[in-house]
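# Secondary and tertiary structure notes
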Amino acid sequence: MTGVAFSPDGRRLATAGTDGFVRQWDPATGRPLGSPLEAAFTGGVNGVAFSPDGKLLASADGDGTVRLWDSATGQALGSPLPAASSGGATAVVFSPQGQLLAAAYNDGLVRLWDPATGQAVGAPLPAGTGTEAHVSGVAFSPDGKLLAAAATDGTVQLWEMPLFADPYAALCADVGPPTAAEWAHYAPGEAQPAACG
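Residues numbered from 1 in each chain as written. Predicted model: local features only at pLDDT ≥ 70, side-chain atom pairs only at ≥ 80, totals over all residues. Heavy atoms only, no water.

## Observations concerning the overall build of the protein chain
Basically, it comes down to this: In this text, helices come from DSSP runs of H or I with a minimum length of four residues, and strands from runs of E with a minimum of two, each type numbered from the N-terminal end. Type-normalised accessible area, obtained with a 1.4 Å probe on protein chains alone, sets the label of each residue: buried when under 20%, exposed when over 50%, and partly exposed for intermediate values. Residue contacts follow a heavy-atom distance rule, with two residues in contact if any of their heavy atoms lie within 4.5 Å. For the accessible areas, the method is Shrake-Rupley and the probe is 1.4 Å, while residue cover comes only from the protein chains on display.
A tally of helices and strands in the protein chain yields 3 helices and 16 strands. Per-residue burial over the protein chain gives 41% buried out of 197 residues. Taking all contacts inside the protein chain whose residues are at least 6 apart in sequence as the whole, residues at least 24 apart take part in 38%. Accessible area of the protein chain: about 10,200 Å², with a carbon and sulfur share of 56%.

## Points about the nonpolar core
Worth spelling out the cut-off: What we call a nonpolar core is a set of buried Ala, Val, Leu, Ile, Met, Phe, Trp, Tyr and Cys residues that are connected through their side-chain atoms within 4.5 Å.
Core analysis: the biggest nonpolar cluster contains 17 residues, and Val110, Val138, Leu147, Trp159 and Met161 have the highest contact counts within it. Secondary-structure elements contributing two or more residues to this core are strand S9 (89–94), strand S10 (101–105), strand S11 (109–114), strand S14 (135–140) and strand S15 (146–151). In this structure, Trp159 is in contact with Val110, Leu125, Pro126, Ala127, Lys145, Leu146, Leu147 and Ala149, ignoring residues within four places of it in sequence. Membership of the second largest hydrophobic core comes to 14 residues, among which are Ala49, Ala89, Leu101 and Ala103.

## Observations regarding the environment of Ala28
Mapped onto the elements of the fold, Ala28 is located in the loop between strand S3 (21–26) and strand S4 (31–32). The exposure class assigned to Ala28 is exposed, which follows from its relative accessible area of 71%. C-alpha of Ala28 to C-alpha of Arg11: the two residues are 17 residues apart in sequence and 7.7 Å apart in space.

## Quick look at a nonpolar patch on the surface
Stated precisely, the cut-off is as follows: The patches reported here contain residues having more than 30% relative accessible area and no salt bridge. Joining distances are 9 Å for like charges and 5 Å for nonpolar side chains (Val, Leu, Ile, Met, Phe, Trp, Tyr). The term salt bridge refers to a side-chain nitrogen of Lys or Arg lying within 4 Å of a carboxyl oxygen of Asp or Glu.
On the surface, a nonpolar cluster with roughly 280 Å² of combined accessible area is contributed by Leu146, Val156 and Leu158. Within the secondary structure layout, Val156 lies in strand S16 (residues 156–160). Taking relative accessible area as the criterion, Val156 reaches 57% and is therefore assigned exposed.

## Notes on the side chain of Ser59
Applicable threshold: Polar contacts, as used here, are pairs of N or O atoms within 3.5 Å; protein pairs need one atom able to donate a hydrogen and one able to accept it. Residues neighboring in sequence count only if both atoms are side-chain atoms.
Take Ser59: it is sitting in strand S7 (residues 56–61). Residue Ser59 is classed as buried on the basis of its relative accessible area, which comes to 0%. In terms of polar contacts, Ser59 uses its side chain to reach the side chain of Trp69, at 3.3 Å. When neighbours within four sequence positions are excluded, Ser59 is seen to be in contact with Val22, Ala39, Val45, Gly47, Val48, Thr65, Val66, Arg67, Trp69 and Val92.

## Points about the sheet that holds strand S8 (residues 66–70)
This is how the line gets drawn: Strand pairing is assigned whenever DSSP detects at least two bridges linking the two strands. Axis angles are defined between N-to-C directions and span 0 to 180 degrees, where every axis is a line fitted to C-alpha atoms and, for a helix, only to the segment in contact.
Across the sheet, 3 strands lie side by side as S6-S7-S8; this open sheet has antiparallel pairing. In this open sheet, the two edge strands, each paired with only one partner strand, are strand S6 (45–50) and S8. Direction aside, neighbouring strands of the sheet carry axes that sit 20° apart on average. Alignment of S6 against S7, held across 5 bridges, turns out to be antiparallel. Counterpart to Phe50 in the pairing with S7 is Leu57.

Shown next as structure tokens:
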């Protein structure tokens, strides 16, 4: 096994395996829940994480992809999140509010995803100081405002997350809400978010 995670309610335990499968277990009985989930076709599965509401299960796969699953049914949700440019995905973690999924990769980068849409959020975040550094783990602070990444070169990188979690609110908090005319000029055809109203 290469990774384990409890569901928020403690009723499921997910395990990541070098055989490329994710399995869910009943921790009270030790029995499997459903069929194994075929996650990685090459390289095994390196990590798993449940969303804060327990409905989603994410897997970090050795083939470089990240997959999202319905934890109750075991069904894959959408297409795998695109593979990193090189190397596998090593770890995944959901933000405390579930708005972001952070994934660590062997190419020395952390990528942020919107689990609801499967779209990347912002540019990849570089972690580590050397060209050979791999990102081995990621964690959000309990309030979701910081993301930490541990690299194999012995460094830890920290990033502030509010801008990524709610970019409109962060921008409007910094510069103030735009007027209707400004919004129409800079974001034509886009509805003005309530955070900037």
